[in-house]
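Summary of the model geometry
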Amino acid sequence: TIEAVIFDLDGVITDTAEYHYLAWKQLGEELDIPFDREFNETLKGVSRTDSLERILILGGKQDAFTAQEKEALATKKNDHYVTLIQHISEQDLLPGIIAFLDEIRATGLKIGMASASKNALTVVEALGVRHYFDDIVDAATVAQSKPHPEVFLRAAEALGVAPERCIGVEDAAAGITAIHAAGMYAVGVGPETTLHEADYRVDSTDLLSLEQILASR
Ligand code: B16
Ligand code: MG
């Protein structure tokens, strides 16, 4: 029996990807490494340090900076990102998310979060949905990035629910891999092309229904 649903944040509850994109793009321009939205897709669900590394590799500059300089660059991106997310409100919730959270609550399941973002708590509070979550794992304390299962396993542990009794909801391919590696049932939100490994998939968040997910198992 399923006892908990664990959510990814960016791309499932809200679309912070656009703000991450704007912040990385500005840093990329300063470093003379321009990139487009298509490249930005490869940064979804990827941690801050790993995202910077991918951008530097794109520009052939992975060896141009010391570890300390890279840390300063990542901080610069984050400062800009934090400024951009100041404006987040309930308006930024993806369609159908409140109804889905209410349905899960009404069924008596626990709700957790497995986000790679160190800003997850700030974003969830700004969206006005903090009260739905029984626990939110601080990504700052997670060592391994998705596709590694660590963040999902930590989320299940925090809820006190065995991984095989959890459903994970993700929009990124690396996230689906992480959910499976954690031994959970994977629900994908997005196109078949990227999420073909999901156990159950919907095109968009407004189509998420716990009843249908449970029936698909
Ligand atoms: P931060 P998720 C991920 O969030 C984003 O998809 C990814 O683009 C971002 O780099 C990562 O969080 C880290 O975010 O810099 O705020 O710690 O999809 O795992 O909710
Ligand atoms: Mg995501």
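Parameters at a glance
- Residues numbered from 1 in each chain as written.
- Chains lettered and ligands numbered in written order.
- Predicted model: local features only at pLDDT ≥ 70, side-chain atom pairs only at ≥ 80, totals over all residues.
- Heavy atoms only, no water.
- Donors = N, O, S within 2.8 Å, 3.2 Å for Na, K, Ca; no water.
- Buried < 20%, exposed > 50% of the residue type's maximum accessible area, 1.4 Å probe, protein only.
- Near = heavy atom within 4 Å.
- Polar contact = N/O pair within 3.5 Å; in protein donor to acceptor, adjacent residues only side chain to side chain.
- Nonpolar A, V, L, I, M, F, W, Y, C, P; charged D, E, K, R; others polar.
- Pairing = 2+ DSSP bridges.
- Helix = DSSP H or I, 4+ residues; strand = E, 2+ residues; numbered from the N terminus.
- Right-handed = clockwise from strand over helix to strand, strands pointing away.
- Contact = heavy atoms within 4.5 Å.
- Axes fitted to C-alpha atoms, helices over the stretch in contact; angles between N-to-C directions.
- Core = buried A, V, L, I, M, F, W, Y, C linked by side-chain atoms within 4.5 Å.

The subject of this paragraph is the coordination of the magnesium ion (ligand 2). Those donors, Asp-8 (OD), Asp-10 (O) and Asp-171 (OD), are the protein atoms that reach the magnesium ion (ligand 2), and they lie 2.0 to 2.2 Å from it. Going along the chain, you hit the donors of the magnesium ion (ligand 2) in the pattern D-x1-D-x160-D. Looking at Asp-10, the relative accessible area reads 15%, which means it is buried.

Close to ligand 1 lie 17 residues, the nearest being Val-46, Ala-116, Ser-117, Lys-118 and Asn-119. Within the backbone of Leu-9, a nitrogen or oxygen atom sits 3.3 Å from an oxygen atom of ligand 1. In this structure, Ala-116 approaches ligand 1 through a main-chain N or O atom, which is 2.7 Å from an oxygen atom. Taken together, the residues that form the shell around ligand 1 break down as four nonpolar, six polar and seven charged.

Our next topic: the pairing of strand 2 (residues 110-113). Inspection of the sheet shows strand 1 (residues 4-7) paired to strand 2 by four bridges, in the parallel sense. Pairing of Val-5 across the sheet is with Ile-111, part of strand 2. One ladder, built from two bridges, connects strand 2 with strand 3 (residues 135-136); its direction is parallel. Note on strand 3: the bridge partner recorded for Gly-112 is Asp-135. Where the polypeptide runs from strand 2 across helix 6 (residues 120-126) and back to strand 3, its parallel neighbour, the crossover connection is right-handed.

Now for helix 7 (residues 150-159). Those residues of helix 7 not exposed but buried are Glu-150, Val-151, Phe-152, Ala-155, Ala-156 and Leu-159. Check the buried side of helix 7 and you find it contacts strand 1, strand 2, strand 3, strand 4 (166-170) and helix 8 (173-181). Two residues or fewer after helix 7 comes Gly-160, characterised by a positive phi angle close to 75 degrees.

Turning to the sheet that holds strand 3, a few remarks are in order. Judged by pairing direction, the sheet is parallel, and its six strands sit side by side in the order 3-2-1-4-5-6 without closing on themselves. Each having just a single partner strand, strand 3 and strand 6 (200-202) make up the two edges of the open sheet. Bridge count between strand 1 and strand 4: four bridges; the pairing is parallel. Following the sheet pairing, Ile-6 is matched in strand 4 by Gly-168. Its contacts with the sheet place helix 8 against strand 4 and strand 5 (185-189), and it is angled at close to 165 degrees to strand 5.

Turning our attention to the nonpolar core. Core analysis: the largest hydrophobic core is formed by 38 residues, its most contacted members being Phe-7, Ile-13, Phe-133, Ile-167, Val-169 and Leu-208. Per element, the largest residue contribution to this core is four residues, and it comes from helix 5 (residues 97-107). Setting aside residues no more than four positions away along its own chain, Phe-7 makes contact with Val-12, Ile-13, Phe-100, Leu-101, Ile-104, Ile-111, Gly-112, Met-113, Ala-114, Ser-115, Phe-133 and Val-169. Ala-155, Leu-159, Cys-166 and Ile-179 belong to the second-largest nonpolar core, a separate cluster that totals 20 residues.

In short, geometric facts, not functional conclusions.
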